[in-house]
Amino acid sequence: DFRKHLRRAQKQNRRGCGMNRLETYFVRHPQKKISLDVKTRKKMWSERRVFIHFEWDKSGNRRADSRSKKPGDYKGSAKRAVSALCRLASEGGYVCGHYDEHEKWMMGKVLPKSRIELREGKWPESDRPKYHNGICVLKTLRLRKVRFVSPEDYQVLQPAQPRQGTIMRWPSIGDAVEAIVEGRKLRSSLGALSPNHQEVMCAEFMRLKEARKVGLPQLACVLRDVGRTMKDLDIVGVAQDGKRLFAQVTYGSFDSKDVKEKLNILFKFSGFNAHRILFCKCVKSFSEQGTIIFPIEEIYTRFRKTEIGKDWFKYIFPKNN
């Protein structure tokens, strides 16, 4: 059968290209938003499990939690969460589980073709719906090769964590969770830095005298948190010459549509007597309508060679304990 041979060849080709590499997931277990007794939460932690609790399916039954594992039986955020859990169970993946009551994060591996197991707990009386049987039904997966990690020991983790959602794929973390679980040293690279860390890296480099040597203004101070400044800017500060400094930082290519849009945003600040800088992937630095376009790869390479940069990267990419 030609189609069967073709599918087999495509599958082997994906393997050869590394496309079957396990993805990374982030699972959040908030105490306030999950109606579950403390004893069961402790049991899930001790059994090294991640779980989701979406009690209502499309049947409309409010007397008991749904026991269905089929995404199609749910809607909205519940459908997305159950679908993600099913995909994780089927394909396997590396997982970071965050329990509110624990300082450390639980990291581990879900093997491909794992089985989603239902576990029962109790609804707290204060949350229990009227006429409900009081049994809380969790959909769980057990982690293997578990490690408990303090995010303070791996600075690359904290700013990269997803802001919302119960369970979701976590592509922005790269292979950091995989390296931690497998006991390997984190791979140091520009692409392994979270967007927030790339922004901090560019700001810290501009504080150094080396910035002036490559044609950049030297940053005297920031006026707002780096990466959390304004909707349209990543770095807002004052340069050593007293002028204001506005910068955008991206890992995207200068020729891409998204980066062009960022550049157009910077042009809006042309009315200020200020420095405007766009850090992105490009061959070399140049100027466009008074805005400096600078290779982010060059910032990475040069910052790593400075004494401050060496210390910075030592804490961003530590050796695993």
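Up top is the structure these notes are about.
Model, not experiment: these values are computed from the prediction.

Caption draft 1: Representation of the packing of aromatic side chains within the structure. In the structure shown here, the tally under the stated rule is 14 aromatic pairs. Taking the centre distance of 5.1 Å and the plane angle of 75° together, the rings of Phe26 and Trp170 count as edge-to-face. With Phe26 in strand 1 (residues 23–29) and Trp170 in the loop between strand 8 (167–169) and helix 4 (176–182), the pair connects residues that are 144 residues apart, well separated along the chain. You can call Trp170 buried: its relative accessible area is 2%. An aromatic cluster is built from Tyr300, Phe303, Trp312, Phe313 and Phe317, whose rings are joined through pairwise contacts. A cation over a ring is seen here: Lys281 above Tyr251, with NZ or CZ 4.6 Å from the ring centre. Just above the ring of Phe313 sits the side chain of Arg304; from NZ or CZ to the centre is 4.8 Å.

Caption draft 2: Layout of the pairing of strand 11 (residues 244–253). As paired strands, strand 10 (residues 235–239) and strand 11 are joined by four bridges and run antiparallel to one another. Looking at the pairing, Gly237 lines up with Leu245 of strand 11. Counted between consecutive antiparallel strands, the loop separating strand 10 from strand 11 contains four residues, among which Gly242 sits at a positive phi close to 90°. Pairing of strand 11 with strand 12 (residues 274–281), which is carried by seven bridges, proceeds in the parallel orientation. When the sheet's bridge partners are listed, Ala247 is paired in strand 12 with Ile277.

Procedures and definitions
- Residues numbered from 1 in each chain as written.
- Predicted model: local features only at pLDDT ≥ 70, side-chain atom pairs only at ≥ 80, totals over all residues.
- Heavy atoms only, no water.
- Phe/Tyr/Trp six-rings, centres within 6.5 Å; stacked < 30°, edge-to-face > 60°.
- Helix = DSSP H or I, 4+ residues; strand = E, 2+ residues; numbered from the N terminus.
- Buried < 20%, exposed > 50% of the residue type's maximum accessible area, 1.4 Å probe, protein only.
- Lys NZ or Arg CZ within 6 Å of the ring centre and 35° of its normal.
- Pairing = 2+ DSSP bridges.

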